[in-house]
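Chain residues, written in single-letter form:
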Amino acid sequence: MSLLQPRSSLTRVIGCTALVTLLLGSNASSASASDDPIGREDHPDWVLHSRIVDSKSSRPVGGAQIEIEFNNIDDPSNNRPFRDRFRKKPTRDATDERGRFDFTIKNYYEDPLLSIDISVEHPDFIPYQISITNPFIDVNEFLGLIADEFQEIRLVPYGEIRGRVVDSAGSPVSDLEIKAAGASRENAVVVDIESLYQTKTERDGSFRLEVPALGPLTIVIDSKPYAPIVRSIAKNQRGELGDFVINPGLTIEGRMIDTAGKPIPNRSVSIRPAEDRSADPVDPNAFMMIQNIMNHRTVLTNDRGEFVFSHMPTGEFEIERDSSDDDERDRSDAMLYFPVQIHLKSDRLNYSCVVNPAHSAIVSGRFVDSEGSPVHDDIHIYGIYRHCDFSSKIKSDRSGLFMAKVPHGADCVFINFSGDSSRGIKHRKNKSSPYHYSSTIDLPTIEGDLRDLEAISYRSSRLRMKVRGVESVDLDKVKIFGDRIKSANVENPFGFGFQIEGDRFVLISAEYPEISSICVVPDCDVRLTAEAEGYEPASKTVNLKEGEFREIEFLLKKKTKR
């Protein structure tokens, strides 16, 4: 509980992960009627107390400039006139020699849509900025929560790095941009890659750059005609970093073709890092940096379907067709392109690759209801091909027919049919196969066309159960079990989400001895058993038709003492 609070006690309802710390309390005086634009005169002002320290030495920081802005967020559902919306202009203050500051905030009215923007500046420290938004609770509770959670702001001091950039012949490279990314807040891990510290090399290739004195650091050099360099610097390493050697890098020459081997002209091809193997564990941001650089590398194929990526660094990359410029014709053709993986090494300068679509198999069938009428709904198909996930959403037509192209040789392929709580799905892979009660078809490795799939949407049958003692008393600590169906056709006769104990499904396990409703597979014998502490178990077998609703009651006898 904070040392200073508003009049009512506060309940902590959310946790904040921000690194700023504030201590708030209410002023004994209330806002006057003239200060209250909507006539709430009994709201207390808030007095904000805080302390700013050096995160390296924990010493107080005097003379730091603080700016705090409180805003009510624009909300389309908010019908109040704009003049009634709370807009507090930024308030500036400076810390004293003990690093402390305080000022009063007029609390005009309670509005759950509040944001707080905080910035701190001092010439010897990295600028500090943070925004906290609360869309859930009353202003007083929110300010009180901040008072509980935060007590001080810790500023990261500046440090310095020095180095030199040379080419592969050892000659200095001047006027080359050097960027560094580091945490602006103590213990922060992920940095904002758009807010980089930067400078340029001098005539002798040297550079000096002010950066955060604490935490891991990432050096980025990305300037053509050189390959980009991303180097991780340990969190305690500052000062002289030595030479950075840049070179023209590696070249990838490729072609894009269709299923017939014909070139595809004027199409975008993109490249990206394959995975987080290039990231130094000292700096988890290194992979993000190289990924950000590569995300901007997209080229067009020429009339012969050829493309070139130059000035590439070493590492593992994926080259793929960029689908962002697909037109309607391309989508209807449904050629399935998957990333081409390529490993670039320093002992080889030139690489080649071919971007081509996978040969496809046809998966088709019909989606109907239990009366045979077509179902026009979404169908999701997904799986793995060439170690890559693929996924597509199709729709059955007005006749209930559906068709999808799946890459030949794909593994772990699943087809999922849409449904809701009132309807179930059963399916079979061909007309001679038995039905399986599941909304998902599990297909084997795709080695050819599958054209006779059938999915049927049926009305779920429902069952409500209650347990009593023979003396007509309600029982507590009741469990109702359903026996697992041994048939291969029905894996779970009760749908999904039920706990399994051995060969039985736990349908209810609660203090209250009644379950309002459960879904049961229709036209299937289901054996149910009710148990309660101190009573003999009782069993019943039920068989429900499609869409049927039934209530059953178990009467349990007390166990006889032996």
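A short tour of the structure in this document, coming up. (Residues numbered from 1 in each chain as written. Predicted model: local features only at pLDDT ≥ 70, side-chain atom pairs only at ≥ 80, totals over all residues. Heavy atoms only, no water.)

## Topic: the overall build of the chain
Part 1: When helices and strands are counted, the chain shows three helices and 40 strands.
Part 2: Residues counted as buried form 44% of the 562 residues belonging to the chain.
Part 3: Long-range pairs, those at least 24 residues apart, make up 67% of the contacts in the chain between residues at least 6 apart in sequence.
Part 4: Surface exposure of the chain reaches about 29,500 Å², of which carbon and sulfur atoms provide 46%. (Helix = DSSP H or I, 4+ residues; strand = E, 2+ residues; numbered from the N terminus. Buried < 20%, exposed > 50% of the residue type's maximum accessible area, 1.4 Å probe, protein only. Contact = heavy atoms within 4.5 Å. Areas by Shrake-Rupley, 256 points an atom, 1.4 Å probe, with all protein chains shown as cover.)

## A few points about the sheet that holds strand β26 (residues 378–385)
Part 1: Taking strand neighbours across the sheet as the criterion, the four strands line up as β27-β26-β29-β31 in an open arrangement whose pairing is antiparallel. In this open sheet, the two edge strands, each paired with only one partner strand, are β27 (388–395) and β31 (440–443). Within the sheet, the average angular offset between the axes of one strand and its neighbour, ignoring direction, is 15 degrees.
Part 2: Sheet topology note: the β26/strand β29 (residues 411–417) ladder contains five bridges and is antiparallel. Considered in β29, the bridge of tyrosine 382 is made with phenylalanine 414. (Pairing = 2+ DSSP bridges. Axes fitted to C-alpha atoms, helices over the stretch in contact; angles between N-to-C directions.)

## Overview of the pairing of strand β20 (residues 315–321)
Part 1: Of all the seven residues making up β20, six are buried; the element is thus mostly covered by neighbouring parts of the structure.
Part 2: As paired strands, β20 and strand β22 (residues 340–344) are joined by five bridges and run antiparallel to one another. Pairing of glycine 315 across the sheet is with leucine 344, part of β22.

## Here's the deal with the environment of asparagine 416
Part 1: The residue asparagine 416 is located in strand β29 in this model.
Part 2: In the structure, asparagine 416 is positioned 23 residues away from serine 439 in sequence and 5.8 Å away in space, judged by C-alpha atoms.
Part 3: Among residues more than four places away in sequence, those in contact with asparagine 416 are Asp378, Ile379, His380, Tyr382, Ser439 and Thr440.
Part 4: In this structure the side chain of asparagine 416 is engaged in a polar contact, spanning 2.7 Å, whose partner is the side chain of threonine 440. (Polar contact = N/O pair within 3.5 Å; in protein donor to acceptor, adjacent residues only side chain to side chain.)

## Digging into the side chain of serine 460
Part 1: Checked against the element boundaries, serine 460 lands in the loop between β32 (450–459) and β33 (461–469).
Part 2: Overall, serine 460 belongs to the buried group, its relative accessible area being 12%.
Part 3: A distance of 3.3 Å separates a polar side-chain atom of serine 460 from the backbone nitrogen of glycine 424.

## Some thoughts on the pattern of salt bridges
Part 1: If you walk through the whole model with that rule in mind, you get 20 salt bridges.
Part 2: Put simply, glutamate 320 and arginine 272 hold a salt bridge, and the shortest N to O gap is 2.2 Å. Of this pair, glutamate 320 sits in strand β20 while arginine 272 sits in strand β17 (residues 268–273), and the two are 48 residues apart along the sequence.
Part 3: Under the relative-accessibility criterion, arginine 272 is labelled partly exposed at 28%.
Part 4: Residue aspartate 378 is joined to lysine 395 by a salt bridge in which the shortest nitrogen-to-oxygen separation is 2.9 Å. Taken together, the residues aspartate 378 in strand β26 and lysine 395 in strand β27 connect sequence positions 17 residues apart.
Part 5: On the accessibility criterion, lysine 395 (45% relative accessible area) is partly exposed.
Part 6: Several salt bridges share partner residues, and in doing so they unite Glu160, Arg162, Arg208 and Glu240 into one network. (Salt bridge = Lys/Arg side-chain N within 4 Å of Asp/Glu carboxyl O.)

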